[in-house]
Amino acid sequence: MMNYQSTRGKIVVSDTRAVLQGMAPDGGLFIDPEIKNIDFDWEKCLRLDSLGMARMILSALLPGYKNMEELVRKAYTGKFQTDDLTPLVPVGEDYVLELFRGPTSAFKDVALSMLPQLMTAARAQEGIKDETVILTATSGDTGKAALEGFHDVEGTRIIVFYPHNGVSAVQKAQMVTQTGANVKVCAVRGNFDDCQQGVKKAFGEINTKGLLTGSGMSLSSANSINIGRLAPQVVYYFIAYAKLLGLGRIKKGDLVDYVVPTGNFGDILAGYFAKLMGLPVGRLVCASNANRVLTDFLNTGVYDRRRDFIRTSSPSMDILVSSNLERLLYLAAEGDTAYVSACMEALAKDGVYQVSDKVLQNIRRDFSAGCCSEAETEKTIGRVWRDCAYLCDPHTAVAFAVAEEYKKQRQGGAPVVVLSTASPYKFPAAVLKAIGGGTEGDEFAQMETLSRITNTPIPQNLSGLRSREVLHKDLIDKDDMLNYILDTLNIRK
Ligand SMILES: *Cc1c(COP(=O)(O)O)cnc(C)c1O
């Protein structure tokens, strides 16, 4: 067992409980307070295959689980296009880590294939009879990946909220055609931050008022605020490193820089965990789109969400309140939960906080940041396609553009791994426009055009979407999310 503590106070629970609860009752996120001192044989880990690495890393981060090997096998076997899960592809002088080769063509699959296994096993180990109700806010990709992972999983129900007009037509089609007796999908008039805020508020209200007490149900989350989402993402940083070793590009111990397209700060934080576990990670470069709140924070120490929310061609990164940054703050503030609470209260109340020079210094020791405009994103998709014959989606393009800038300024020449988080086929309009193709027709016609022009295959899970029946048509105001949840669960208010 390992103790997980809230970033905002004294609450401590076991790792299995942390996965089941998703978020601490005081509003904080669960973290292992000893992660900086974790004892991990990273060199041994690098000699294993991908599933072996997953078993070893997850066992270290979540040691309370009794049968991690079996859970990993059930989560991943046969679900990804390749046995190594996340292929590493040389592109120009850099490397792309393709995280999107799973069942829904988004990187969220890596974690959300694993999370249902972790939840089911935790329920069994803890002897929990309550049904676990998973509330999820999505900027487009988490929703489908969570639905894919949890549909028809015994003892669970899942409710997904997505921003109306805030996701691509393909993303929407993926979600609203989802089958399963335990799933519910609902559009919200608002943006992703509204959805995420609504879910957090509903969590708070339901828990403080005990609205589910005696109902035989309890809440959890499939967002990256759940430590069970974060832990599986640590694995592919090791996979990439092992591949570079195998290619002879590096020797053991050489540093590797990772550039990560970032929204909620989950993906890049997992890279930091990998570093704390001993992996020779050089710099972690946080790449933002035009919603550059993280770039500004990492450059100035001021986190200021009081700005316009910009809808971009990389919608999964259209986020102004980046949840997992709270975990980094906790680590950079040496576990000072009062400090973290004060920052988070200021953010909630005033929309802004500033960290001390010391905390900022601690963060900047490992992290760099850059951002990319819409015009630059489009240009980058075109350039990478023309110069390197590699087709990337807008999120990955943001990371590519930031990587280029970063390489001009850095010292040293460590290999650069660009994390690729979605298939270009999830965003066919933006990609076609960028490479100079015609964008006639709906997104499904555009997928076919894209395939024809670039001579690349449409991922199977996307090609059949158009003909599938729409099963979910609910649309609500953002203030009605709690009521919607209670109605769905048949709870009297
Ligand atoms: C979720 C997502 C991101 C952002 O990842 P975070 O962990 O939220 O920082 C980037 N790209 C795509 C395609 C995503 O779905």
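So, a few notes on the structure that sits alongside this text. Since the model is a prediction, treat every value here as computed from it, not as a measurement.

1. Some words on the site of the ligand
Taken together, 15 residues surround the ligand, and among them K108, D141, G263, N264 and T421 come closest. Here an oxygen atom of the ligand sits 3.2 Å away from a polar atom, N or O, in the main chain of G266. Burial of the ligand by the protein chains amounts to 98% of its free accessible area of 380 Å². Residue composition of the shell around the ligand, by class: five nonpolar, seven polar and three charged.

2. Regarding the packing of aromatic side chains
The final tally for this structure, using the stated rule, is ten aromatic pairs. When the ring of F161 is compared with that of Y484, the centres are 5.7 Å apart and the planes differ by 70 degrees; the resulting orientation is edge-to-face. Linking F161 in strand β7 (residues 156-163) with Y484 in helix α21 (residues 481-488), this pair joins segments that are 323 residues apart in sequence. An identical accessibility class is assigned to F161 and Y484; each is buried. With centroids separated by 5.5 Å and ring planes inclined at 5 degrees, the aromatic side chains of Y303 and Y353 adopt a geometry described as stacked.

3. Thoughts on the packing of helix α10 (residues 227-246) against helix α11 (residues 266-276)
Interhelical geometry of α10 versus α11 gives an angle of 65 degrees and a closest axis separation of 8 Å. Our pair here, α10 against α11, has a crossing hand that is right-handed. Mapping the contact onto sequence places I227, L230, Q233, V234, Y236, Y237 and F238 in α10 and G266, D267, I268, L269, A270, G271, F273 and A274 in α11. Along the lines of polarity and charge, the residues of the contact of α10 with α11 split into eleven nonpolar, three polar and one charged.

4. Details of the sheet that holds strand β2 (residues 12-14)
Overall, antiparallel pairing links the three strands, which are arranged β2-β1-β3 in an open sheet. Edge positions in the sheet fall to β2 and β3 (30-31), since each of these pairs with one other strand and no more. Sheet analysis places strand β1 (residues 3-6) next to β2, joined by three bridges and oriented antiparallel. The residue bridging Q5 from the neighbouring strand is V12, located in β2.

5. Description of the pairing of strand β10 (residues 256-261)
Of all six residues making up β10, six are buried, and the element is well covered by its neighbours. After leaving β10, the chain enters α11 and then returns to the sheet as strand β11 (residues 281-288), a path that is right-handed. Bridge count for β10 against strand β15 (residues 416-420) is three bridges, and the pairing is parallel. Paired with Y258 across the strands is V417, a residue of β15.

6. Some thoughts on the pattern of salt bridges
If you walk through the whole model with that rule in mind, you get 26 salt bridges. Salt-bridge contacts for K184 lead to D474; the nearest nitrogen and oxygen are separated by 3.9 Å. Highlighted residues: K184 in strand β8 (residues 183-189) and D474 in strand β16 (residues 474-477), separated in sequence by 290 residues. The partly exposed category is assigned to K184, whose relative accessible area is 30%. Between K349 and D350 there is a salt bridge, with the nearest N and O atoms lying 3.6 Å from each other. Since its relative accessible area comes to 40%, D350 is described here as partly exposed.

7. A word on the nonpolar core
Nonpolar side chains in soluble globular proteins generally cluster together in the buried interior. Core analysis: the biggest nonpolar cluster contains 116 residues, and F238 and Y258 have the highest contact counts within it. Among the elements that take part in this core, α10 stands out by supplying 13 residues, more than any other. Not counting the four nearest positions on each side in its chain, F238 is found in contact with F40, W42, C45, L46, M53, I57, A274, M277 and L279. Residues V285, M317, F400 and M447 belong to the second largest nonpolar core, which totals 35 residues.

8. Details of the sheet that holds β15
Spatial ordering of the open sheet is given by β4-β5-β15-β10-β11-β14, a layout of six strands whose pairing is mixed. Of all the strands in the sheet, the pair left with one neighbour each is β4 (88-91) and β14 (367-371). Across the sheet, the mean angle from the axis of one strand to that of its neighbour is 25 degrees, orientation sign disregarded. Inspection of the sheet shows β11 paired to β14 by five bridges, in the parallel sense. Its bridge partner lying in β14, S288 is registered against C371. Of the strands in this sheet, β11 and β14 are in contact with helix α12 (residues 293-300), which crosses β14 at around 135 degrees.

9. Points about the state of the cysteines
This structure, assessed with the given rule, holds zero disulfides. C286 provides the cysteine sulfur closest to C343, a residue in no disulfide bond, and the two sulfurs are 17 Å apart. You can see C388 has no disulfide; the closest cysteine sulfur is in C392, sitting 9.4 Å from it. A relative accessible area of 30% means that C388 is categorised as partly exposed.

10. So, the environment of T132
Among the secondary structure elements, T132 is positioned in strand β6 (residues 131-137). Residue classification places T132 among the buried residues on the basis of a relative accessible area of 3%. Linking T132 and Q21, residues 111 residues apart in sequence, is a C-alpha distance of 9.2 Å. Discounting residues that sit within four places of it in the chain, T132 has contacts with L20, M119, R123, G155, T156, R157, S218 and S220.

11. A short note on unusual backbone geometry
Phi at F265 takes a positive value of approximately 70 degrees, unusual for a residue other than glycine. Tracing the backbone shows F265 in the loop between β10 and α11. By relative accessible area, F265 is classed as buried at 1%.

12. Description of the side chain of S316
For S316, the location among the structural elements is in the loop between β12 (302-304) and α13 (325-332). Within the structure, S316 has its side chain in polar contact with the side chain of D141 (distance 3.1 Å). Leaving out residues up to four positions away in the same chain, S316 has contacts with S139, D141, Q171, G263 and H395.

Cut-off values and rules
- Residues numbered from 1 in each chain as written.
- Predicted model: local features only at pLDDT ≥ 70, side-chain atom pairs only at ≥ 80, totals over all residues.
- Heavy atoms only, no water.
- Near = heavy atom within 4 Å.
- Polar contact = N/O pair within 3.5 Å; in protein donor to acceptor, adjacent residues only side chain to side chain.
- Areas by Shrake-Rupley, 256 points an atom, 1.4 Å probe, with all protein chains shown as cover.
- Nonpolar A, V, L, I, M, F, W, Y, C, P; charged D, E, K, R; others polar.
- Phe/Tyr/Trp six-rings, centres within 6.5 Å; stacked < 30°, edge-to-face > 60°.
- Helix = DSSP H or I, 4+ residues; strand = E, 2+ residues; numbered from the N terminus.
- Buried < 20%, exposed > 50% of the residue type's maximum accessible area, 1.4 Å probe, protein only.
- Axes fitted to C-alpha atoms, helices over the stretch in contact; angles between N-to-C directions.
- Left-handed = near helix turned anticlockwise from the far one by under 90°.
- Contact = heavy atoms within 4.5 Å.
- Pairing = 2+ DSSP bridges.
- Right-handed = clockwise from strand over helix to strand, strands pointing away.
- Salt bridge = Lys/Arg side-chain N within 4 Å of Asp/Glu carboxyl O.
- Core = buried A, V, L, I, M, F, W, Y, C linked by side-chain atoms within 4.5 Å.
- Disulfide = S-S within 2.5 Å.

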